[in-house]
Amino acid sequence: PDKDFAPYRLLTGHFYYPDKLFTTHTATYITMLRDPVERALSLYGFARQQPASNAHRLATSLSINEFMRHPDAQRFIANMMTRRLGTPGGWMTLEQVHLDRALARLDAMPFVGIVEFFEASIHLMNYVFGWEPATHLQKANVTRDRPTLDMLTPDTLHYLREANQFDLALYAHGMQHFQERLN
């Protein structure tokens, strides 16, 4: 349903692009990308700690390596950035056209940040939009005791990379976009 977003200058969240919330308002989209494998690790840790997470039951019943390879977990970890930027939402088999759409949308954004370079991303975002520089940055929503890359078997790591081919391409493109803007 359409809502009146006129009073708001900034909305944050995990939206699909374009989101149906913005049917009558012009929106400037920006995004923060994350290494897809690191994103999957973070999701597993978050889901284990948050009973409200849709992946909680699965994450608490499986080891990290079992979870990453489980068919039911794929809707949470497989190419999620490409899904958010390149599809209207919902689960579907991704094709090259979805990656191409996500790349085009990324290129049209005035700002693309990288989670692994959080502080530099925030400083760049402030510069791009003419906002006051941030003097104190505090990360929020950080999963405590987050799993690390070394907890994955080589086979699981290979599987994750294969399952996230579109997101790896999107992330590499976004990283290039970020570095060009930063320089």
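Residues numbered from 1 in each chain as written. Predicted model: local features only at pLDDT ≥ 70, side-chain atom pairs only at ≥ 80, totals over all residues. Heavy atoms only, no water.

Engineer: It is not clear to me how the pattern of salt bridges should be interpreted in this structure. Could you clarify?
Structural biologist: A side chain with one charge can pair with a side chain of the opposite charge if their charged atoms come near. On inspection of all chains with the given rule, the structure shows 1 salt bridge. With a shortest N-O distance of 2.6 Å, arginine 146 and glutamate 38 are connected by a salt bridge. Of this pair, arginine 146 sits in the loop between helix H7 (118-129) and helix H8 (154-163) while glutamate 38 is found in helix H1 (residues 36-49), placing the two residues 108 residues apart along the sequence. (Salt bridge = Lys/Arg side-chain N within 4 Å of Asp/Glu carboxyl O. Helix = DSSP H or I, 4+ residues; strand = E, 2+ residues; numbered from the N terminus.)

Engineer: Even after reading the chapter, I still don't get unusual backbone geometry, so can you show me in this structure?
Structural biologist: A negative phi angle characterises most non-glycine residues, just as the trans form characterises most peptide bonds. Although it is not a glycine, asparagine 79 adopts a positive phi angle of roughly 55°. Looking at where asparagine 79 falls in the secondary structure, it is placed in the loop between helix H4 (74-77) and helix H5 (80-86). Using a relative accessible area of 9% as the deciding quantity, one classes asparagine 79 as buried. (Buried < 20%, exposed > 50% of the residue type's maximum accessible area, 1.4 Å probe, protein only.)

Engineer: What should I look at first to understand helix H6 (residues 96-108) in this one?
Structural biologist: Note: α-helices contain 3.6 residues per turn, so residues at a spacing of three or four share the same orientation. Helix length check: H6 (13 residues) gives 18 Å between terminal C-alpha atoms against 18 Å at 1.5 Å per residue, within 8%. Turning to H6, its buried residues are His98, Leu99, Ala102, Leu103, Arg105 and Leu106. Buried residues along H6 cover an arc of 165° about the axis, so they all sit on one side. Packing partners of the buried residues in H6 comprise strand S1 (31-33), H5, strand S2 (112-114) and helix H9 (165-182). (Expected span 1.5 Å × (residues − 1). Arc of directions from axis to C-beta. Contact = heavy atoms within 4.5 Å.)

Engineer: Explanation requested: the packing of H6 against H9 in the structure shown.
Structural biologist: When two helices pack together, their arrangement is given by the angle between the helix axes and by the axis-to-axis distance. At a closest axis distance of 10 Å, the pairing of H6 and H9 adopts a crossing angle of 20°. In terms of orientation, H6 and H9 fall into the roughly parallel class. Note that H6 runs across H9; the crossing there is right-handed. On H9, the residues touching Gln96, Leu99, Ala102, Leu103, Leu106 and Asp107 of H6 are Phe166, Ala169, Leu170, His173, Gly174 and His177. (Axes fitted to C-alpha atoms, helices over the stretch in contact; angles between N-to-C directions. Parallel < 35°, antiparallel > 145°, perpendicular 65-115°, else oblique. Left-handed = near helix turned anticlockwise from the far one by under 90°.)

Engineer: Please clarify how H1 should be interpreted in this entry.
Structural biologist: Taking 1.5 Å of rise per residue, 14 residues should cover 20 Å, and H1 covers 20 Å from first to last C-alpha, within 8% of that figure. Burial runs high along H1: 10 of the 14 residues are buried. Buried residues of H1: Pro36, Val37, Arg39, Ala40, Leu41, Ser42, Leu43, Tyr44, Gly45 and Ala47, and no others. Against the buried residues of H1 lie helix H2 (56-61), helix H3 (64-69), H4, H5, H8 and H9.

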